[in-house]
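Structure at a glance
Now for the letters of each chain:
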Amino acid sequence: MKITTKIVVSSLLAFGLSSATVNFPFPQNANYGNGIEVSDKEAAANHLKSAFSYYYTTLYNQNGNYACIRADPGDGQCFSEGVGYGMLMMVYFSDNTKSYQDEFDKIWALYKAAVDADGLMNWKIGEANPSNVWGEHAATDAEMDVAAALIMAAYQFGNDSYLNEAKDLLKKVKDKEFESNGLHKPGNKWNDKKNPSYVAPAYYRLFAAVDTDNAEFWNTTAMNANYTLLEANSNSTSTGLFDNWCDASGRGLDGYYGYDAARTPWRLAQDFYWFGEPRAQTMLNKLGAWVSSQSASSVGGSISTSGGMGGDHNNTFVSTLMSSLVANSSYQAKLDEYWGESVNTTNSDANQKNFQKS
């Protein structure tokens, strides 16, 4: 979902997770001491809040005690991926005038009511109705964001019950959506290929702090296995662009940085910006070198991993490529250029279903 991607990715640059209705009202304007940020953080925060208001008005879909995020404005499709994004948004954009805890709880209630036999949400349902299953079984990217959102919600809303729920969910995730060697599976019922954008190393660190019984798995086993996968995929191209899909060795299977792969720089930027991870920095710098040679206004996806632009000029590609620039101070002007283009790109609704998928 492009508007969602813009908000989530750009939030890394505008603020972090310290009162009024909530414990960490937007915007925080935190600085973690790693990397660079957009030059005008106040203006960025205002743009983000405006984008969230649009997101909330057009995509939040409530049905009694349940809610989900629409795939498109007016669309009845709801994806588990969008559930994760929605939960993150409700945490991040709660502020001094409005807490989105009620909305958060309704989205989380939908997740819990729409699970399969493994206790993980079916990846597509209709009209915020947990009984209306349109796509069976789970997609791992959703669980990454849902579990992280639960952990953040505990601190934002001051309710430790979210930590207990996150711990319960993570045990299922480890058992059903990861191999014993730490590599992620793309879902709980299939594992014939890998998706680099499903790797969420910054979240693994949060998971280890909550799922303490499996801290070694999250901090070391999953971390190292999936970083090795990402490094192999990054090293397979001169541009540093990641593939939508790869095999277990990291070899690309489709040759395109598309609506799946677009999330990978964002997830790496989280781990570098929050925790200073050098492996993330190395991959961001490689990709950033290519991104810095491209005009933000010329970016269009899907992009071949050799660098050939496609025809979709939108926030999915502009904002996520922008994330690769945070790791090098020499890219400040380019970062601001990409941010400005992202703000001024108005076709964020186009083809949202292409991004919000399992």
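The sections below set out a description of the structure shown in this document. No experiment lies behind these values; they were computed from the predicted model shown. (Residues numbered from 1 in each chain as written. Predicted model: local features only at pLDDT ≥ 70, side-chain atom pairs only at ≥ 80, totals over all residues. Heavy atoms only, no water.)

**Considerations on unusual backbone geometry**
- Cis geometry is found at the peptide bond from F26 to P27, where omega equals -5 degrees.
- Inspection of the secondary structure assignment puts P27 in the loop between α1 (2-14) and α2 (41-59).
- For the bond running from G301 to S302, omega is -10 degrees, close enough to zero to count as cis.
- Tracing the backbone through its elements, the reader meets S302 in the loop between α10 (278-291) and β7 (303-304).
- One non-glycine residue with positive phi stands out, namely A128, at about 50 degrees.
- Its identity is not glycine, yet H137 carries a phi of approximately 75 degrees, on the positive side. (Helix = DSSP H or I, 4+ residues; strand = E, 2+ residues; numbered from the N terminus.)

**Focus: the state of the cysteines**
- Under the criterion given, the structure shown has one disulfide.
- A sulfur-sulfur separation of 1.9 Å characterises the disulfide bridge that pairs C68 with C78. Here C68 is found in strand β2 (residues 66-69), whereas its partner C78 is found in strand β3 (residues 77-79), with ten residues between them in sequence. (Disulfide = S-S within 2.5 Å.)

**A short note on the packing of helix α4 (residues 101-113) against helix α6 (residues 161-177)**
- At their nearest, the axes of α4 and α6 sit 14 Å apart, and the two run at 25 degrees to each other. Taken together, the axes of α4 and α6 lie roughly parallel to each other. α4 and α6 meet at a crossing whose hand is left-handed. Contacts between α4 and α6 pair Q101, F104, D105, W108, Y111 and K112 from the former with Y162, E165 and L169 from the latter.
- By residue class, the composition of the contact of α4 with α6 is five nonpolar, one polar and three charged. (Axes fitted to C-alpha atoms, helices over the stretch in contact; angles between N-to-C directions. Parallel < 35°, antiparallel > 145°, perpendicular 65-115°, else oblique. Left-handed = near helix turned anticlockwise from the far one by under 90°. Contact = heavy atoms within 4.5 Å. Nonpolar A, V, L, I, M, F, W, Y, C, P; charged D, E, K, R; others polar.)

**Structural notes on the nonpolar core**
- Counting 106 residues, the largest nonpolar core has F104, Y203, F207, W218 and L321 as its most contacted members.
- Among the elements that make up this core, the one with the highest residue count is helix α5 (residues 140-157) (eleven residues).
- Those residues in contact with F104, other than ones at most four positions away along the chain, are M87, M90, V91, A149, L150, A153, F157 and Y162. (Core = buried A, V, L, I, M, F, W, Y, C linked by side-chain atoms within 4.5 Å. Buried < 20%, exposed > 50% of the residue type's maximum accessible area, 1.4 Å probe, protein only.)

**Focus: the sheet that holds strand β4 (residues 124-126)**
- Taken in spatial order, the three strands of this open sheet run β3-β4-β5, and their pairing is antiparallel. Each end of this open sheet is capped by a strand with a single partner; those strands are β3 and β5 (129-135). Each strand axis lies, on average, 45 degrees off the axis of its neighbour in the sheet, ignoring direction.
- Here β3 pairs with β4 via three bridges, running antiparallel. Considered in β4, the bridge of C78 is made with I125. (Pairing = 2+ DSSP bridges.)

Read these as layout, nothing more, since geometry by itself doesn't imply function.
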